[in-house]
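Chain and residue survey
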Amino acid sequence: MSIKEIIRVNEPRAILILVIYIFSSFSSTGSQYLLKYAINAISNQNFSNFLFWIITQAVTKFMATALLAVATYKFNQQMQEYIHRVRDEILRHYYANGQDKISKIENELSSNMKILTTDYLEPGSIIVQSLLVIMLSISALFTLHWSLILATIIVAIIVFLLPKIMKKKLSTATATAAMQNSELLETISNWFQGLTELRRYHVFSKMNKELDRTSQALAQANIKKENLHGIAIGINGIGNTLGQIGIMGYALVLLVNHQIDFGSWVIATSFCSNIFNGLWDIVDAITSINSTKQLRDLTGKLRQFISLPQVVPVNSVQVKNLVVEYQHGEKIAYPDFTINAGDKVLLTGDSGSGKSTLLKVLLGELIPQQGQVIYQTDNGQVISPQNAMVGYIAQDSSLFSTSITDNITMFANNLVEKVPKVTEKMQLSADLGNFPAGLKTQVNLDQDNLSGGQKQKIVLARAAIREPQMLLLDEATSAIDSNATAKIVHELLQTKQTLLLIAHNFSPKLMQQFDYQINLQAKEGAK
Amino acid sequence: MTIKDFFKQNPLRCILIIFTAAFFPAMHLVNTGLLAIITTAVKKWQIPFAFWLVAIMALVSLVDYFTQGWFNSLFTKQAEEYSVALRRKIVQHYFDDQADHQVSQVQNRLTNDIEQVTWDYFASWCNIIMDISFFVFAFLLLLNFHWLLLVISIAMTIISLILPKLLNKQLQKATLHISSANKIYLDSLEKWLSGLAELRRYLAGAKLFKVIQVDSKKLEDANVKQVGLQQTLVVINGLISESFSFLLFILAGWLIINHHVQFGAWIVVGDCQYYLASSIEQMIAAYGRIEGSKSLNKQIADSATQSSVKQEKSVGTPVSLITENLSLKFPNGERLTFPDINIKKGEKVLLTGDSGAGKTSLLKILLGEITPTTGKVIFRNEKGQKIIPNMSKVGYISQAPVLFPGSIADNMTMFNACLKSKLTPLIERIQFARDVSNFPTGLNTRINLNKLNISGGQRQKIVLIRALVHQSKIILIDEGTSAIDQQATIEILREVTSGEQTVIFIAHSLNDYMRQMFDREIHLVKNKNLG
């Protein structure tokens, strides 16, 4: 995140914003300056002259307000467009990475962007505005009398240094108060967790004494802190008094020596306060900007472009010495096996024997602790799981809130013409007949307008339409009735695809149609 | 928490607080008035007089700031002392009311809640005093110059307060619009990202980016729109307040030129109008905070009253007990019914049962820590008379015995110094002497609850000695669940089963060795009736 980037979002607008800021600051300092002429006109008893200047002053001041409003609006537009880009880049990063939790992504795209807007971008604009006002106020003071600038600088240094006197003591006192507070919390915890025991033995006075002691210690620490704070208010008051009344007194000296006129004397202090306030605003803005450092670093990292891994179609796979260890320590060791091109394989085994886990390893989503998974393309090239193009249907594949066609083609328009045929094969046609909009029916994730079986058929069609050379299915027909399941499986077995399928409710007749089975057994005491 | 109690905490100081709260705004306005006089003086070229006034003004300004600081200290002192008193009352209430109190809830009540109400309630009342003072002095200062200036200022103040209300509704709508756009954005992120793996598999990223872009654009547009409305409001406000201050300045100019007021009026009108408007605005805000803190304030007040529930007058040391029709209903609808049991003096009873059959619950009912839904427990003394038991004479060794910050001896005597002399023989008997000698300062070793310097077995022994030194005739033991703690429990068991006390022991895992130490076993069965 840098100023350059924000400007680049829309360069003409950025220039316009800066120009309006300049005009607005000019008008607001100018209106303060014009008061001088109005005051001089009154002191000369010239009412019409006074009226002229006071009208000019009012118009200038209103212009400053209106211009600032326009600039703020335009700046916001720029900011939001910039945020839009950042969001898009971050989403692309998350997409390519594919490992992050949804809540984390949401947090980054929503609340973190909001924090950056209010604590980084907006303070940035305040710095620009304050610098402009300070510069113009210095010029205004210069036209009144050069020495006023010197006086302002001296007072500014004093005003900034005064708080340092109490700073150390105050921060120690604040730390002490925080410590006493946690001590009180701890005492409460220590005694209240045994409340019933204390009641049984009627031990109120001891508990009360202990709590009272820490409670009073906290009170004393707070009182001490606020006493110091009170003194700090007084000391800082010395600085403020110097800033307001000291400068006025000094300007009075200039007036007496005829170096400035009466009107200049009246307005001089207002330019000094402009400078003081501007400096404070800049300090606050910088503090706020610094507080977002970590967040900006994180966002910077997330905006970096990363590309998806290249994938190559494969049609056979070999598994050797595979062992997967779960986080809680359970281990699964798999038998070695090879699935050749065009094999139709059924993967069976008790629950907990690691069927789904095996598919995750085959897909490269899970890195095994031991062993290898070796894919081969049809011309014998060896491919790692991360780079293998393997079709996969999960137990709970996701649908998206768009049309059924889009859910099948996954937004690839060149596949649309194949949709009717594939829906026929996947036994979805009869279901579609019940929807008035047919394939154009919108999937509604909130109202859940599709049955579990229909959803699975859509996901099957989604995989089938791409005709992958290798397809893995994990209980992909669990919600589909046995009749339709048989037909779908039959269709899949007709293809040239290499097929590995997990299922537990197939009829023996259906199971026989596969080339062979791989049976996994849950091992006892594998810890 | 009431203003009255706050006042009573230290009436003299409270009067001083009110005085300082009203005093420093007055000083502010005195300085504004002084500035007017100085300006007039300079205008008339009374230079020495003007310099004197500048010096006085600086002095007043310093007094003003130091009074603010003083007010700060005074208020904190009063508030903190009041908080201490309040905490004392709440602790007393929590001890007396015989109810369960979550530690985190007690912590919150005694620290955050009290602090919040101090600021939202008492500090807001002080703000109101300051604002009244600002208003009154600004009013008087303007009136002192010319009544017309006052009338125009008041009119301006009223309009500046009413005006924002006009656009308020639309602004609220814009804010709601942002929040709903944000919700839609998050919802669409949730829906699309939950299928992220699928989208990646089919390389459908382009669609994802497009859909999310549309929703993020809506959110961004809603933000821009809100800023647009806000800025429109700023411009309208600016236009009206400019016109009014223009009017005010023209009026002031006219009055000055026609010698109705002194030149200095020019300087004060703007400031006074500002004080009038901001004091009213602040007063409304402070009132809002006071109203907002009312319910919390009431909660605190309730927990600081004397508890009406008092511990029943306890008479006599129980030695035997019977239960009648005990049952317990849980908030989730589950219901436990217990068989009637009759435990005679000196009996050693083993309590077993499935997990969830209510063994620990039964023990807690016997201890009076849980009130049963139906039925009652009757305790009898040596002579067989029904008594209200003195619970300090019923020892309870729980799975996780509670220790308190104090010495080991304090934890045995429960801070009753008279019992200290009786500890030594008991410590010998329970075989705790070796443990004690391992501690650097023996029985006076302070127990550190953060870094537990006491093992689970030692804890149980301490609590057992606690029961014995209080001459408990009934001892209830809930066996520790971890293997290490079990070993310690067995040692303790051997000790208590050979004594004269009545013992009820819950066994979670049973072995024959334990079983033979007891006279009989009560087995609880989990009953399946729900509702």
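Throughout, a residue's number is its position along its own chain's written sequence, starting from 1. Each chain is given a letter, starting from A, and each ligand a number, starting from 1, according to the order in which they appear as written. At least 70 in pLDDT is required for a residue's local features to be given in this predicted model, at least 80 for side-chain atom pairs to be given and counted, and no such filter applies to totals for whole chains, interfaces and linings, which use all residues. Computation of side-chain values covers all heavy atoms of the structure but excludes hydrogens and water.

**Re the overall build of chain B**
Regarding its fold elements, chain B presents 16 helices and 10 strands. Computation of the radius of gyration draws on C-alpha atoms alone. For the globule rule, the value is 2.2 Å times the number of residues to the power 0.38. Since a compact globule built from 531 residues should have a radius of gyration of about 24 Å, the 37 Å found for chain B marks it as more spread out than a globular shape. Seen through its C-alpha atoms, chain B measures out along the principal axes to roughly 110 × 75 × 45 Å. Residues count as neighbours in contact if any of their non-hydrogen atoms are within 4.5 Å of one another. Within chain B, residue pairs in contact and separated by at least 24 positions form 78% of the contacts whose partners lie at least 6 positions apart. Working definition of accessibility: Shrake-Rupley area with a 1.4 Å probe, residue cover restricted to the visible protein chains. If you sum the accessible surface of chain B, you get close to 25,000 Å²; carbon and sulfur atoms cover 59% of it. Across chain B, the mean location of the 54 positive side-chain charges is 2 Å away from that of the 42 negative side-chain charges. Counting from the N terminus, the helices are the DSSP runs of H or I reaching at least four residues and the strands are the DSSP runs of E reaching at least two. Only four residue types enter the tally: Lys and Arg on the positive side, Asp and Glu on the negative side; His and the chain ends are excluded. Charge positions are represented by NZ for Lys, CZ for Arg, CG for Asp and CD for Glu.

**Comments concerning the nonpolar core**
Here, nonpolar core refers to any group of buried Ala, Val, Leu, Ile, Met, Phe, Trp, Tyr and Cys residues whose side-chain atoms link them within 4.5 Å. The cut-offs for exposure are 20% and 50% of the maximum accessible area for each residue type, with area from a 1.4 Å probe on protein chains only; residues under the lower value are buried, those over the upper are exposed, and the others partly exposed. Membership of the largest hydrophobic core comes to 84 residues, with the highest contact counts inside it found for A:Ile408, A:Leu473, B:Leu199 and B:Leu208. Counting 76 residues, the second-largest nonpolar core is a separate cluster that includes A:Leu35, A:Ile260, A:Ala268 and B:Leu142.

**What about the sheet that holds strand E11 (residues 498-502) of chain A?**
Residue and element names in this part refer to chain A. A pair of strands is considered paired only if DSSP assigns at least 2 bridges between the two. Strand order across the open sheet formed by 5 strands is E9-E10-E11-E5-E12, with parallel pairing between neighbours. Strand pairing shows two members of the sheet lacking a second neighbour, strand E9 (391-393) and strand E12 (516-520), which therefore form its edges. Averaged over all pairs of adjacent strands, the angle between their axes in this sheet comes to 15 degrees, without regard to strand direction. When strand E10 (residues 470-474) meets E11, the two strands line up parallel, connected through 5 bridges. When the bridges of E11 are listed, Leu473 appears paired with Leu501. Axis definition: a line fitted to C-alpha atoms, limited for helices to the stretch in contact. Angles are taken between N-to-C directions and run from 0 to 180 degrees.

**Re the confidence of the model for chain A**
Residue-level confidence of the predictor is summarised by pLDDT, bounded by 0 at the bottom and 100 at the top. In this model, chain A carries a mean pLDDT of 88, and residues with pLDDT of at least 70 account for 98%. Taken element by element, the predicted model of chain A shows its lowest mean pLDDT in helix H6 (residues 195-200) of chain A (80) and its highest in helix H2 (residues 11-43) of chain A (93).

**Points about the packing of aromatic side chains**
Aromatic contacts are taken between Phe, Tyr and Trp rings whose centres are within 6.5 Å, Trp giving its six-membered ring; a plane angle under 30 degrees counts as stacked, one over 60 as edge-to-face, and the others as tilted. Taken as a whole, this structure holds 30 aromatic pairs over all chains when the rule is applied. Summarising the aromatic geometry, the rings of A:Tyr33 and A:Phe271 are spaced 6.1 Å apart at their centres and angled 45 degrees between planes, so their arrangement reads as tilted. Note that A:Tyr33 is positioned in helix H2 and A:Phe271 in helix H8 (residues 262-291), a separation of 238 residues in sequence. A:Phe271 shares its class with A:Tyr33; the two are buried. With 5.8 Å between their ring centres and 75 degrees between their planes, A:Phe50 and B:Trp266 make a pair best called edge-to-face. Highlighted residues: A:Phe50 in helix H3 (residues 47-97) and B:Trp266 in helix H8 (residues 265-292), drawn from two different chains. Exposure class is identical for A:Phe50 and B:Trp266. Each is buried.

**Digging into the packing of helix H7 (residues 204-256) of chain A against H8(A)**
All names here are of chain A. Put simply, H7 and H8 touch, their axes get as near as 9 Å, and they point 145 degrees apart. Relative to H8, the crossing made by H7 is right-handed. Where H7 approaches H8, its residues Gly243, Gln244, Ile247, Met248, Ala251, Leu252 and Leu255 are matched on the opposing element by Phe262, Trp265, Ala268, Thr269, Cys272 and Phe276. Taken together, the residues of the contact of H7 with H8 break down into 10 nonpolar, 3 polar and no charged. Helix crossings fall into two classes, left-handed where the near helix is turned counterclockwise from the far one by less than a right angle and right-handed where it is turned clockwise. Polarity classes work like this: nonpolar for Ala, Val, Leu, Ile, Met, Phe, Trp, Tyr, Cys and Pro, charged for Asp, Glu, Lys and Arg, and polar for all others, with Gly in that last group.

**Concerning the pairing of E11(A)**
Residues and elements named next belong to chain A. Of all 5 residues in E11, 5 are buried; the element is thus mostly enclosed. Relative to E11, strand E5 (residues 344-349) runs parallel, the two being bridged by 4 bridges. Looking across to E11, one finds that Lys344 is bridged to Leu499. By definition, the crossover connecting two strands over a helix is right-handed if that path, from the first strand to the second, turns clockwise as seen with the strands pointing away from the viewer. Note that the unit made of E10, helix H15 (residues 482-494) and E11 has a crossover that is right-handed.

**Structural notes on a nonpolar patch on the surface**
Taken together, the side chains of A:Phe142, A:Trp146, A:Leu150, A:Ile154, A:Ile158, A:Ile238, A:Leu242 and B:Phe66 present a nonpolar region at the surface, about 760 Å² in accessible area. Secondary-structure elements contributing two or more residues to the nonpolar patch are helix H5 (146-192) and H7 of chain A. By residue number, the principal contributor to the nonpolar patch is H5(A), which donates 4 residues. Structurally, A:Ile238 can be placed in helix H7. Surface patches are drawn from residues lacking salt bridges whose relative accessible area is over 30%; two like charges belong together within 9 Å, two nonpolar side chains (Val, Leu, Ile, Met, Phe, Trp, Tyr) within 5 Å. Whenever Lys or Arg places a side-chain nitrogen within 4 Å of a carboxyl oxygen from Asp or Glu, that contact is recorded as a salt bridge.

**Focus: the interface of chain B and chain A**
Listed as interface residues are 113 residues of chain B and, on the opposing side, 111 residues of chain A. Of the roughly 10,300 Å² buried where chain B meets chain A, counting both sides, 71% is carbon and sulfur surface. At the junction of chain B and chain A, the tally comes to 5 salt bridges. Nitrogen and oxygen atoms within 3.5 Å of one another constitute a polar contact, given that in protein one can donate a hydrogen and the other can accept it, and given that sequence-neighbouring residues count only through two side-chain atoms. Viewed at the interface, chain A and chain B are joined by 24 residue pairs in polar contact (both at pLDDT 80 or more). For the side of chain B that touches chain A, the element with the most residues is helix H7 (residues 205-257) of chain B, which contributes 27 residues. Per-class residue counts for the side of chain B that touches chain A are 62 nonpolar, 32 polar and 19 charged. Two parts placed together each lose some accessible area; with a 1.4 Å probe, that loss summed over both constitutes the buried area.

**Overview of unusual backbone geometry**
The phi dihedral of A:Gln45 is positive, around 60 degrees, even though this residue is not glycine. Within the fold, A:Gln45 resides in the loop between H2 and H3.

**Describing the environment of A:Val345**
Residues and elements named next belong to chain A. Its location among the elements puts Val345 in strand E5. Taking the relative accessible area as the measure of exposure, Val345 reaches 0% and is therefore buried. Residues Val345 and Gln513 lie 168 residues apart in sequence; the distance between their C-alpha atoms is 9.6 Å. Residue contacts for Val345: discarding those within four places in its chain leaves Ile339, Leu499, Leu500, Leu501, Phe514, Tyr516 and Ile518.

**What to know about the sheet that holds strand E9 (residues 502-506) of chain B**
All names here are of chain B. With parallel pairing, 5 strands are arranged side by side in an open sheet as E7-E8-E9-E4-E10. Where the open sheet ends on each side, the last strands, each with one partner, are strand E7 (394-397) and strand E10 (520-524). Across the sheet, the axes of successive neighbouring strands diverge by a mean angle of 15 degrees, strand direction being ignored. Each of strand E4 (348-353), E7, strand E8 (474-478), E9 and E10 touches helix H10 (residues 359-367); the most contacted strand, E8, lies at about 150 degrees to it. Against the sheet, helix H14 (residues 456-469) contacts E7 and E8, and its axis sits at roughly 175 degrees relative to E7.

**Structural notes on the layout of surface pockets**
Only protein atoms enter the 1 Å grid used here, on which a cavity is any set of points holding a 1.4 Å probe that cannot leave and a pocket is any open set flanked by protein within 12 Å on both sides along at least five of seven lines; residues with an atom within 4 Å of a point are listed as lining. Grid points are joined across faces, edges and corners, and a volume is the space filled by probe spheres set on the points. A volume near 1,400 Å³ is recorded for the second largest pocket. In this structure, the second largest pocket is lined by 47 residues; those nearest its centre are A:Glu365, B:Ala197, B:Glu198, B:Arg200 and B:Arg201. Elements with a contribution of two residues or more to the lining of the second largest pocket: H3, helix H4 (102-144), helix H10 (355-362), strand E8 (388-389) and E9 of chain A together with helix H6 (196-201) of chain B. Broken down by element, the lining of the second largest pocket gets its largest block of residues, 5 residues, from H6(B). A per-class count over the lining of the second largest pocket returns 23 nonpolar, 13 polar and 11 charged.

**A closer look at the packing of H2(A) against H4(A)**
Residue and element names in this part refer to chain A. Remark: H2 packs on H4, axes separated minimally by 9 Å, with the N-to-C direction vectors making an angle of 35 degrees. For H2 against H4, the interelement crossing comes out right-handed. Here Leu18, Tyr21, Ile22, Ser25, Phe26, Thr29, Tyr33 and Lys36 of H2 lie close against H4, whose contacting residues are Ser125, Val128, Gln129, Leu132, Val133, Leu136, Ser137, Ala140, Thr143 and Leu144. In the contact of H2 with H4, the residues fall into 11 nonpolar, 6 polar and 1 charged.

**A closer look at H7(B)**
Multiplying 1.5 Å by the residue count of a helix minus one yields the expected span of that helix. Compared with the 78 Å implied by 1.5 Å per residue over 53 residues, the 75 Å span of H7(B) between its first and last C-alpha is a close match. Phi for B:His259, located one or two positions after H7(B), is positive at around 60 degrees.

**Re the environment of B:Ile159**
Residue and element names in this part refer to chain B. Take Ile159: it is sitting in helix H5 (residues 147-193). Sequence separation between Ile159 and Asn237 is 78 residues; the distance between their C-alpha atoms is 9.6 Å. Excluding anything up to four places from it in sequence, Ile159 contacts Pro164, Ile240 and Phe244.

**Topic: the pairing of E4(B)**
Residue and element names in this part refer to chain B. The element E4 is extensively covered by neighbouring structure, given that 6 of its 6 residues are classed as buried. Taking every second residue as pointing to the same face, both faces of E4 are buried, with Lys348, Leu350 and Thr352 on one and Val349, Leu351 and Gly353 on the other. Note: E4 against E9, 4 bridges, orientation parallel. Each bridged residue has a counterpart across the sheet, and for Lys348 the counterpart in E9 is Val503.

**A look at the state of the cysteines**
Residues and elements named next belong to chain B. Whenever a pair of cysteine sulfur atoms sits within 2.5 Å, that pair is classed as a disulfide. Across all of its chains, the model carries 0 disulfides over all chains by this definition. Not part of a disulfide, Cys126 finds its nearest cysteine sulfur in Cys14, a span of 7.6 Å. For Cys126, a relative accessible area of 7% gives the class buried.

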